[in-house]
Amino acid sequence: MTRTHISLFNLVLIFLGGLALIFIIGPLLGMFLQTDAGMFSETLFDTEVQESIGLTLAISFFGTLFFAIFSIPLAYVLARKEFFGKRILTALIDLPVVIPHSAAGIAILLFISRDTLLGDIAALFGLNMVGHPVGIALAMSYVSIPFLINAARDGFRAVPERYEKAALSLGASHTRVFFTISLPLAWRSILSGFVLMFGRGMSEFGAVVMVAYHPMVTPVLIYERFSQFGLRYAQPVSVIFVTVCLLFFLALRWITLEKKTKGA
């Protein structure tokens, strides 16, 4: 009787889990299968599409790399320090995930426009961040930075604090402890957060389109082709971009798992 109940329970889990998996994979698989081979081949060698994908990957990567400089120390503070307002700060960090991304784009636009402090500083160097790759990077990073902060925080929390205290008691500085103990032991979580932030950033549309329609990143290009020419012209670009995103994501995940296996 017990075996029957366990078997039935497992079948229910598999069935419900399978429905969720179908919901994730089904639309993408349908998009791939329904794409015209001729249109796909033509779009694959389209210079505008190639430049757009290259621009999207580059902006998202360097934006993620830049904000990692600030995100990782913040994550360490959240993991190791207790202070008044910590819960409020944690909630604020997650705010970009839950607000409408078009609203996030408006917020970024108001933050970097010429009549703001940041905009005026940029203008001193002859830079207008609106309609510029820097503005796009800020929009991408704003909606994706919580993924890196939260992953890095969880990674630092998983590092036994006694290792750090032992090193400090032996005379190591806080800086040395951070770079020789905390960071190396938390690097897998940090890299995972980096991958998530990079992937989320390069797929962003709502915030980016508010800040810069041109230069055109791929999510904006997909929208433009759909609105001007219809589904037939937008679909191949979507398939190519999803493929590129998937290859980058799998490659980075493979590197993470490969190093994790070697380190085990």
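A brief look at the structure comes next. (Residues numbered from 1 in each chain as written. Predicted model: local features only at pLDDT ≥ 70, side-chain atom pairs only at ≥ 80, totals over all residues. Heavy atoms only, no water.)

**Concerning the layout of surface pockets**
To locate leftover empty space, one rolls a probe as large as a water molecule over the atoms.
Here's step 1: When its volume is computed, the largest pocket comes out at roughly 480 Å³.
Here's step 2: Lining the largest pocket we find 21 residues, and of these G199, M202, S203, V242 and C245 sit closest to its centre.
Here's step 3: Secondary structure elements with two or more residues in the lining of the largest pocket: α1 (2-33), α9 (174-202), α11 (218-229) and α12 (231-263).
Here's step 4: If you tally residues by element for the lining of the largest pocket, the top one is α12, at seven residues.
Here's step 5: A breakdown of the residues in the lining of the largest pocket according to their chemical character gives 18 nonpolar, two polar and one charged.
Here's step 6: Taken as a whole, the second largest pocket encloses approximately 220 Å³ of empty space.
Here's step 7: Residue lining of the second largest pocket: 13 residues in total, with F67, P96, S141, Y142 and I145 positioned closest to the centre.
Here's step 8: If you list the elements that add at least two residues to the lining of the second largest pocket, you get α3 (47-80), α4 (86-98) and α7 (133-158). (1 Å grid on protein atoms, 1.4 Å probe; cavity = no way out; pocket = protein on both sides within 12 Å on 5 of 7 lines; lining within 4 Å. Points joined across faces, edges and corners; volume = space filled by probe spheres on them. Helix = DSSP H or I, 4+ residues; strand = E, 2+ residues; numbered from the N terminus. Nonpolar A, V, L, I, M, F, W, Y, C, P; charged D, E, K, R; others polar.)

**Focus on the packing of aromatic side chains**
Here's step 1: One pass over the structure, following the stated rule, counts twelve aromatic pairs.
Here's step 2: Ring geometry for F61 against F62: centres 5.5 Å apart, planes inclined by 85°, an arrangement best described as edge-to-face.
Here's step 3: Of the residues examined, F61 reaches a relative accessible area of 35% and is grouped as partly exposed.
Here's step 4: Aromatic side chains F61 and F194 sit 5.7 Å apart centroid to centroid with 70° between the ring planes, which places their arrangement in the edge-to-face category. (Phe/Tyr/Trp six-rings, centres within 6.5 Å; stacked < 30°, edge-to-face > 60°. Buried < 20%, exposed > 50% of the residue type's maximum accessible area, 1.4 Å probe, protein only.)

**Description of the packing of α4 against α7**
Here's step 1: Relative orientation of the contacting elements α4 and α7 amounts to 135°, with a least axis distance of 6 Å. Regarding the angle of α4 to α7, the classification is oblique. Note on packing geometry: the crossing formed by α4 with α7 is left-handed. Judged by residue contacts, T90, I93, D94, P96 and V97 of α4 engage Y142, V143, P146, I149, N150 and R153 from α7.
Here's step 2: The class makeup of the residues in the contact of α4 with α7 is seven nonpolar, two polar and two charged. (Axes fitted to C-alpha atoms, helices over the stretch in contact; angles between N-to-C directions. Parallel < 35°, antiparallel > 145°, perpendicular 65-115°, else oblique. Left-handed = near helix turned anticlockwise from the far one by under 90°. Contact = heavy atoms within 4.5 Å.)

Read these as geometric descriptors, not functional statements.
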